[in-house]
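# Breakdown of the fold
Here is what each chain is made of, one letter per residue.
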Amino acid sequence: MAIEIVQQPSVGLSKIAVSETHGEDSPYFAGWKAYDENPYHETQNPSGVIQMGLAENQVSFDLLEEYLEANLEAANWGKKVSGFRENALFQDYHGLQSFRKAMASFMEQVRGGKAKFNPDRVVLTAGATAANELLTFILADPGDALLVPTPYYPGFDRDLRWRTGVQIVPIHCESANNFQITPEALEAAYDHARSMNIKVRGVLITNPSNPLGATIQRKVLEEILDFATRKNIHLVSDEIYSGSAFYADEFVSIAEVLESRNYKDSERCHIVYSLSKDLGLPGFRVGTVYSYNDQVVTTARRMSSFTLISSQTQFLLASMLSDKEFTQKYIKINRERLKKRYEMIINGLKKAGIECLQGNAGLFCWMNLSPYLEDATIESELAIWKTIMHEVKLNISPGSSCHCSEPGWFRVCFANMSEETLEVALSRIHEFIKRKQDRQVLCMM
Amino acid sequence: MLSKKASVDSHGEESSYFMGLQEYEKNPYDPVHNPSGIIQLGLAENQLSMELLESWLEKNSDVTGFKEDGGSIFKELALFQDYHGLPTFKKELAEFMEEIRGKRVRMDPNKVVLTAGSTSANETLMFCLADAGDVFLIPTPYYPGYDRDLKWRTGVEIVPIQCTSSNYFRITKFALEEAYKQAQKQNLNVKGILITNPSNPLGTTMSKEEIDIVINFCMTKLIHIVSDEIFSATVFSSPKFVSILEALPERNLQDSIAMNLVHVVYSLSKDLGLSGFRVGMIYSNNKMVISAATKMSSFGLISSQTQHLISNILGDKKFMKYYMKENARRLKKRHEMLVSKLKRIGIRCLRSNAGLFCWVNMRHLLSCDTFEAEFELWNKILCNIKLNISPGSSCHCSEPGWFRICFANVSEEMLQVSMQRMKVFVETVIGDQIRHRNMQISFSRKPLVTKWAFGLSSFDHQLDR
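Predicted model, so just to flag it, every value in this text is computed and none were measured. (Residues numbered from 1 in each chain as written. Chains lettered and ligands numbered in written order. Predicted model: local features only at pLDDT ≥ 70, side-chain atom pairs only at ≥ 80, totals over all residues. Heavy atoms only, no water.)

### Looking at the overall build of chain A
Scanning chain A for helices and strands turns up 16 helices and 13 strands. Summarising its shape, the C-alpha atoms of chain A cover approximately 75 × 70 × 55 Å along the three principal directions. The 445 residues of chain A split such that 60% are buried. Within chain A, contacts between residues separated by at least 24 positions form 75% of all contacts whose residues are at least 6 apart in sequence. Taking the 46 positively charged and 55 negatively charged side chains of chain A as two groups, their mean positions are separated by 3 Å. (Helix = DSSP H or I, 4+ residues; strand = E, 2+ residues; numbered from the N terminus. Buried < 20%, exposed > 50% of the residue type's maximum accessible area, 1.4 Å probe, protein only. Contact = heavy atoms within 4.5 Å. Lys, Arg positive; Asp, Glu negative; His and termini not counted. Charge placed at Lys NZ, Arg CZ, Asp CG, Glu CD.)

What follows is the structure, given as C-alpha cells:
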C-alpha cells in the first residue's frame, strides 16, 4: 500500500524571496564549488584549485598591520575613558564626522588632489553593495532601467535589480575598440529601452572598470556626461577601484570632469566608493555614496539606517585615514605592487601565447582566449572554462558571466594570492596552452 | 527626477518622535555647561552597564588588537565577508539567546542570519515575507521606527491591531479579528503579524496566554509571525520573559506549520547597549526564509571586526552571567526611581517589568481628551520644561494622553532634575485647571464635579492591579 504523505499547507514567501534574481543559482557558482572542495595550498595541497575568480587585494596588508602596531589606540578607543562608551552608542546615520572627513580626504588623495570632496556629501553604507542598491532605490522606480556598459561585474544583476525591481539594459561594448563606451552604443541602449517602453533613469559606469581592468578615458567620460545631460538622466560612477590604478595620472574621476565644468548640472552625478578593494578590507563593510545632489544626500542618509557601518570600524578607520603621511605612502606603494603583479601576469600569459586587453588598473586582467575556442559561441567559452576549472585547476571568470557580447574573454585575478602561487598558476596555463597547441599540430598531421 | 520612494515621506522623519530628537540636538542638557538645556528622555538606549563592558575591554586588549594565540588575525578578519557570518560569532549569539530564555529553548546557529542591526533585520523579513501592497498587522502602541523600517522601501502596509488601556493594552482575539477585517475591507492581503516582546513602548512582557492567542490566530489564517525580541534581556522583574519560540514545541499536531511561520528578530543594541556596532539577527526554522534572508544580508553585513569582538565578549560566559544579572538589577532600580517619583506628583505608569522606558499616563493633564491636546501637552513639556518625551500618538496609540519616558539613557542626576522639572510643571498645569474650573463653577448655576478629579481617581483604580 502506498504511503500517503500529508502535504502541509505552507505560507508563501514574497515574490522577491523566491525569485532567482539574486543570481546565485547560475552555473558560474560551479567554479566556486570546485575551489571550495579542493582549495590549493602551497604545501598541503599543491595540486588543488587556485582561486583566480576573487577580486581581492592582498598585496598591501603588511602596510596596514604596520600602522596598527604603531597605533594601538585606533582599535582600542584611545586613552579617553569615555571613548568606548560614546562610540558604542553612536548610531547617528550622519556617521562619525571624523570618519567622513577622513574618507573625503582619502578620496582626494587617491585622485592626487585633482578633485575636492566635501565631507557633508559623504553618505556611509555597509559596503559598495549596499551603496549601489541604495542609489538604485533612490534614482529609479520598479520597472525602470539603468544602462550599464558590458562587460560588467556580475554582482550588479543582484545589487541593482533584486529588491529594487529595476532593470539593467546593457550598453554593448566591443573588443574592436578595446571595449570603450561609444556615443553610438549609449544611444542604441537608450533606444532599445524605449522601444520596450522602459523608462531609463540613469547610466551606471565602473571606473576603473571591472572586469576590464582599465580606466575610462577623459574624453569618454565627457561624452557619457553629455549623453546623460541630453537625456536628463542620472550618472552613477562606481569608482571603487580608483586607488588601484597603476599610474595615478591615468585615472580620471568624474569628479574632475565636474570640477572642470564648475559643477554645472552636477546634480545628476553620484559616486560610489568603498575600502574593500583599495585597502583590502571587504570584511569591514565600508562603502560610501557621494552625491552632488542635495536631495539624494538627504534621502541616502536616511536610507543608510538599513546599512550603517559599525561605529567601532568607523573609529578605527577614521584614525588610519586621517594619517595623511600613512595614506600617501600606502596609496603609492599599493599602486606599485599592483602594477608589478599585473606585469607579471601579462608577461607570463604572453609567454604562453595568450593576449590580454591593455589594462592599467584593478586587481585582474581581461584575458582573450577566443583563438582557442572551438567556435565563437558561449557554449565553447563555457566548455573551455570547465576544462580550465577541472583539468588546469584554476577558477577564473568567464566573460559570459559578465554579460560580455563576445565569447572567449575571461577575467583573471592576480592580487588575491602570493607571487609564488601566481607563478604556479601561470605555469599551469603555459602547460595547458602548450598541450592544446600540440594537439592541434597532431590533428593537422 | 528621483524615485517615488525618495519623494514620499514614509521615512517618517516629519513625526514628532523625530522632531523631538532634532530639538534636543540643538540644545542638549549638560549639568555644567547647559543646565537649562533639553533632557533627552525620548531615546531608548541602555547606558546603565557600559562600564562593565569597559572593564572587560581593559582586561582583554588582545581582542581589539586583532591578536589571537600569539598571532595576528587582522588579515583573516579584514578579508572575511562571507554572508554566513563568522561561525564562532553565530555560535556565541545562539548560546547567549538560549541563556536569555533560561535554556528553555535550543537555538541552532545555522538558523541565524546576521544583519546590520534589527532595523535591517525587520526590513529584510518584510522583503522576504510580503510583496509590495501586502499588509502586516501590528499591535498599537508600537515603536515609531516601524513605519519606516517595515514600509518605506518594501511597499508593505501596516494595519494596526488596536489595543486599549481597559485591559492594559494586551492583544485580544477580538482586536486581531477586527484588524484583519479592516485589511480585508481595504482589499489588502495580510501576510503576517509583527509583535514586539517585551513591548516597546509599553515595557511589558507578553503572557503565555497572549502569545497563544497570536499563534492560534496566525495558524488559522496561515500568516507569518515576526517576534521582535530585542528587549528580551532587559526584563528586570516578574513575570519572566516567555519567547515565542518557547510556545512552539508544545503544539504537537501542527508543529511543522507553526515552525515555518515564526521568525524572531534580535539585536545587541538594547540589551548590551551597543547600538553603534550594528549587531542584529533573524532567527527562523523556515529554511526558505533563512536562505533568502542570508543572501539579502549582503546589503547589510556586520563588520567582521565587530563580529570578532562581540564573539569574544559573549564567549566569556562568566562575565556575561554577571553582566546580565547586574544589568537587570540596575534597570530595576532606575525603573523604580522613575515610577516612584512620578507617583509622588500624581502621575501613574503602566505596570511594567522590562524595557528601558515607562508607559506613562498623563491623561489628567490634557485640556481635553484629544490628540491635539496631547500634542499641545508634548510641545509644552518640550518647550517650557525642556524635556523630550515621546507622545503616544507617535506610537499610534488609540487613546490620547499616554507618553513614553526613557530612564536608562540618562544619569541618575539627570533623571532627578527631570522629575523636579515635571513636578513644577504638573503643579502649574493642575493649578491652571483648578483656576479654570473655579471660574466655570462661579459662572454656572449647578455645582460641577471637576471632571479631571473624577477621571483621575477612576484611572487610579484601573492601574493599581
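### A few points about the interface of chain B and chain A
Across the contact, 73 residues belong to chain B and 71 residues belong to chain A. Taken over both partners, the interface formed by chain B and chain A buries close to 6,600 Å², and the fraction arising from carbon and sulfur atoms is 60%. Of all residues in chain B, the largest losses of buried area upon contact with chain A belong to Met 1, Arg 153 and Phe 299 of chain B, amounting jointly to 13% of the total for that side. Where chain B touches chain A, the interface holds four salt bridges. Residues Glu 69 of chain A and Lys 67 of chain B are paired through a salt bridge, measuring 2.8 Å at the closest nitrogen-oxygen approach. Counting the contacts that link chain B with chain A gives 26 residue pairs in polar contact (both at pLDDT 80 or more). Looking at the side of chain B that touches chain A element by element, the count peaks at seven residues for helix 7 (residues 117–129) of chain B. Each residue belonging to the side of chain B that touches chain A can be placed in one class, and the counts come to 33 nonpolar, 23 polar and 17 charged. (Buried area = accessible area lost by both parts, 1.4 Å probe. Salt bridge = Lys/Arg side-chain N within 4 Å of Asp/Glu carboxyl O. Polar contact = N/O pair within 3.5 Å; in protein donor to acceptor, adjacent residues only side chain to side chain. Nonpolar A, V, L, I, M, F, W, Y, C, P; charged D, E, K, R; others polar.)

### Some thoughts on the packing of helix 3 (residues 61–70) of chain A against helix 14 (residues 324–351) of chain A
Residues and elements named next belong to chain A. Relative to each other, helix 3 and helix 14 sit at 160°, their axes nearing to 10 Å. As far as their axial angle goes, helix 14 and helix 3 are roughly antiparallel. The element helix 3 and its partner helix 14 pack so that their crossing is right-handed. From helix 3, Asp 62, Leu 63, Leu 64, Glu 66 and Tyr 67 reach across to helix 14, where they touch Phe 326, Lys 329, Tyr 330, Ile 333 and Arg 337. Considering only residue class, the contact of helix 3 with helix 14 consists of six nonpolar, no polar and four charged. (Axes fitted to C-alpha atoms, helices over the stretch in contact; angles between N-to-C directions. Parallel < 35°, antiparallel > 145°, perpendicular 65-115°, else oblique. Left-handed = near helix turned anticlockwise from the far one by under 90°.)

### Things to note about the packing of aromatic side chains
Any aromatic ring pair is given by two values, namely how distant the centres are and how the planes are angled relative to each other. Tallying each qualifying case throughout the model produces 33 aromatic pairs over all chains. Note on Phe 84 of chain A and Phe 277 of chain B: the rings are 6.3 Å apart at their centroids and 70° apart in plane angle, and the pair reads as edge-to-face. Note that Phe 84 of chain A is positioned in helix 5 (residues 83–89) and Phe 277 of chain B in the loop between strand 9 (262–267) and strand 10 (280–284), a pairing that runs across two chains. Relative accessible area serves as the criterion here: at 5%, Phe 84 of chain A is assigned to the buried category. Classification of Phe 277 of chain B by relative accessible area gives buried; the value is 1%. Here the aromatic rings of Phe 117 of chain A and Tyr 290 of chain A are separated by 4.8 Å at their centres, their planes lie at 85°, and the arrangement is edge-to-face. Remark: Tyr 290 of chain A occurs in strand 8 (residues 287–291) and Phe 117 of chain A occurs in the loop between helix 6 (97–110) and strand 2 (122–125); sequence separation between them is 173 residues. Each member of the pair, Phe 117 of chain A together with Tyr 290 of chain A, is buried. Here the aromatic residues Phe 61 and Phe 284 of chain A together with Phe 66 and Phe 74 of chain B are joined through ring pairs into a cluster of three or more. Across the ring face of Tyr 190 of chain A, the terminal group of Lys 231 of chain A is positioned such that the distance to the ring centre comes to 4.6 Å. (Phe/Tyr/Trp six-rings, centres within 6.5 Å; stacked < 30°, edge-to-face > 60°. Lys NZ or Arg CZ within 6 Å of the ring centre and 35° of its normal.)

### Quick word on the sheet that holds strand 7 (residues 190–196) of chain B
The pairing of strands in a sheet happens through backbone hydrogen bonds and is either parallel or antiparallel. Residues and elements named next belong to chain B. Taken together, the seven strands give an open sheet; going across it, the order is 4-10-9-8-7-5-6, and neighbouring strands pair in mixed fashion. The strands lining the two open edges of the sheet, one partner per strand, are strand 4 (112–115) and strand 6 (157–161). Here the strands of the sheet are splayed against their neighbours by 25° on average, with no regard to which way each runs. Examined bridge by bridge, strand 9 and strand 10 share five bridges and lie antiparallel to one another. Bridge assignment links Ser 267 to a residue of strand 10, and that residue is Gly 280. (Pairing = 2+ DSSP bridges.)

### Some details on the side chain of Asn 285 of chain B
Residues and elements named next belong to chain B. Structurally, the position occupied by Asn 285 is in the loop between strand 10 and helix 13 (287–296). Note on Asn 285: relative accessible area 18%, which makes it buried. At 2.8 Å, the side chain of Asn 285 and the side chain of Lys 111 are in polar contact. Ignoring anything within four residues of it in the chain, the contact list for Asn 285 reads Lys 111, Met 259, Asn 260 and Val 262.

### A word on the pattern of salt bridges
What the rule picks out here adds up to 51 salt bridges over all chains. The closest approach of N and O atoms between Arg 163 of chain A and Glu 133 of chain A, which form a salt bridge, is 2.7 Å. Taken together, the residues Arg 163 of chain A in the loop between helix 8 (156–159) and strand 4 (167–171) and Glu 133 of chain A in helix 7 (residues 128–139) connect sequence positions 30 residues apart. Ionic pairing is found between Glu 95 of chain B and Lys 317 of chain B, a salt bridge with its closest N-O pair at 2.6 Å. Here Lys 317 of chain B lies in helix 15 (residues 317–344) and Glu 95 of chain B lies in helix 6 (residues 87–100), a separation of 222 residues in the sequence. The class for Lys 317 of chain B is partly exposed, based on a relative accessible area of 37%.

### Overview of unusual backbone geometry
For the bond running from Thr 140 of chain B to Pro 141 of chain B, omega is -5°, close enough to zero to count as cis. Its place among the elements puts Pro 141 of chain B in the loop between strand 5 (135–139) and helix 8 (146–149). The omega angle of the peptide bond from Asn 197 of chain B to Pro 198 of chain B is 0°, so this bond is cis rather than trans. Of note, the phi angle at Tyr 263 of chain A is positive, near 60°, even though the residue is not glycine. Tyr 263 of chain A sits in the partly exposed class, given a relative accessible area of 31%. Positioned with a positive phi, Asp 69 of chain B is a non-glycine residue whose angle comes to about 50°. When you line up the elements, Asp 69 of chain B lands in the loop between strand 2 (67–68) and strand 3 (71–72). Taking relative accessible area as the criterion, Asp 69 of chain B reaches 79% and is therefore assigned exposed.

### Considering the sheet that holds strand 3 (residues 145–149) of chain A
Residue and element names in this part refer to chain A. One open sheet holds the seven strands; their spatial order is 2-8-7-6-5-3-4, and the pairing between them is mixed. In this open sheet, the two strands that pair with only one neighbour each are strand 2 and strand 4. Neighbour to neighbour, the strand axes of the sheet diverge by 25° on average, direction disregarded. Docked against the sheet, helix 7 engages strand 2, strand 3, strand 5 (200–206), strand 6 (234–238), strand 7 (269–274) and strand 8, running at close to 160° with respect to strand 7. In this fold helix 9 (residues 183–195) packs onto strand 3, strand 4 and strand 5, with an angle of close to 145° to the strand it touches most, strand 4.

### Some points on the environment of Thr 196 of chain B
All names here are of chain B. Secondary-structure assignment places Thr 196 in strand 7. Under the relative-accessibility criterion, Thr 196 is labelled buried at 12%. Spatially, the C-alpha atom of Thr 196 lies 8.3 Å from that of Val 226, the residues being 30 residues apart in sequence. Beyond its immediate sequence surroundings of up to four residues, Thr 196 is in contact with Tyr 146 and Asp 228. Within polar-contact distance, the side chain of Thr 196 engages the side chain of Tyr 146 at 2.8 Å.

### What about the environment of Ile 138 of chain B?
All names here are of chain B. Mapping Ile 138 onto the fold places it in strand 5. Taking the C-alpha atoms as reference, Ile 138 lies 5.5 Å from Ile 161; in sequence the two are 23 residues apart. Ile 138 has contacts with Tyr 146, Leu 150, Ile 158, Val 159, Pro 160, Ile 161 and Leu 194, leaving out every residue within four places of it along the chain.

### With respect to the confidence of the model for chain B
As a general rule, the predicted coordinates of low-pLDDT regions are not to be interpreted in detail. All names here are of chain B. For chain B, the average pLDDT comes to 91, and 92% of its residues sit at 70 or higher. Within the model, pLDDT remains below 50 along residues 447–465, and this stretch shows 26 contacts once partners closer than five positions in the same chain are excluded. Complex prediction metrics read pTM 0.93 and ipTM 0.94. (pLDDT = per-residue confidence, 0-100.)

### Quick word on the nonpolar core
In this structure, Phe 99 of chain A together with Leu 137 and Ile 193 of chain B are the most contacted members of the largest nonpolar core, which totals 163 residues. At seven residues, helix 6 of chain A tops the list of elements feeding residues into this core. Contact partners of Leu 137 of chain B, with chain neighbours within four places excluded, come to Val 159, Ile 161, Leu 176, Ala 179, Tyr 180, Val 190, Gly 192, Ile 193, Leu 194 and Phe 217 of chain B. With 147 residues, the next largest nonpolar core counts Met 303 of chain A together with Leu 338, Ile 345 and Ile 381 of chain B among its residues. (Core = buried A, V, L, I, M, F, W, Y, C linked by side-chain atoms within 4.5 Å.)

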